[in-house]
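Structural overview
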Amino acid sequence: MPIDPTREYDNQNIFAKILRGEIPCRKVFEDEWALAFYDINPQAPVHVLVIPKGAYVSWDDFSAKASDVEIAGFVRAVGHVGRELGLVEPGYRLLANIGLDAHQEVPHLHIHIFGGKPLGPMLMR
């Protein structure tokens, strides 16, 4: 069910539990700013999620409240994961769903990295 990104952060969401080690994940990368792991329901041959370690509901929340250092660290982590997975040359897609119309399902900012095949048009027509 899509979530309302204007609500307060819910520290019981699945990504908060993954960050606390309560739920395991197939880790791709971790540093002080971000955690990247394989999606449990992949939509492409490569489907990785990158989440900030801070408690941010959405990109809007993150861009408004995170420090410059957090923002830079997170954006660099996303780029690092794309390079480490060998996706730069063939290409890859980044996706962040924010709110109801975009069908955001987890109230913790997350970037999807899709790759490993031609991905087709940006949106269904």
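These lines cover the structure that appears in this document, whether it is placed above or below.

**Thoughts on the environment of Val78**
Its place among the elements puts Val78 in helix H3 (residues 68-84). Taking the C-alpha atoms as reference points, Val78 and Ala36, 42 residues apart in sequence, are found 8.2 Å from one another. Val78 has contacts with Val50, Leu94, Ile111 and Ile113, leaving out every residue within four places of it along the chain.

**Examining the sheet that holds strand E4 (residues 92-95)**
Strands sit in the order E1-E2-E3-E5-E4 across an open sheet of five strands; the sheet is antiparallel. If you trace the sheet from one side to the other, it starts and ends with strand E1 (27-30) and E4, each paired once. Here the strands of the sheet are splayed against their neighbours by 20 degrees on average, with no regard to which way each runs. Note: E1 against strand E2 (residues 34-38), three bridges, orientation antiparallel. Considered in E2, the bridge of Lys27 is made with Phe37. Against the sheet, H3 engages E1, E2, strand E3 (46-52), E4 and strand E5 (111-115), with an angle of about 160 degrees to E3.

**What about the pattern of salt bridges?**
According to the stated counting rule, one finds four salt bridges in the structure shown. A salt bridge links Asp61 to Lys65; the nearest nitrogen and oxygen atoms lie 3.0 Å apart. Note that Asp61 and Lys65 are positioned in helix H2 (residues 59-65) at a spacing of four residues, about one turn of the helix.

**Focus on the environment of Leu35**
Along the chain, Leu35 turns up in strand E2. As a C-alpha pair, Leu35 and Leu49 span 14 residues in sequence and 8.2 Å in three-dimensional space. Excluding anything up to four places from it in sequence, Leu35 contacts Ile18, Leu19, Cys25, Lys27, Phe29, Glu30, Leu49, Val50 and Ile51.

Parameters and conventions
- Residues numbered from 1 in each chain as written.
- Predicted model: local features only at pLDDT ≥ 70, side-chain atom pairs only at ≥ 80, totals over all residues.
- Heavy atoms only, no water.
- Helix = DSSP H or I, 4+ residues; strand = E, 2+ residues; numbered from the N terminus.
- Contact = heavy atoms within 4.5 Å.
- Pairing = 2+ DSSP bridges.
- Axes fitted to C-alpha atoms, helices over the stretch in contact; angles between N-to-C directions.
- Salt bridge = Lys/Arg side-chain N within 4 Å of Asp/Glu carboxyl O.

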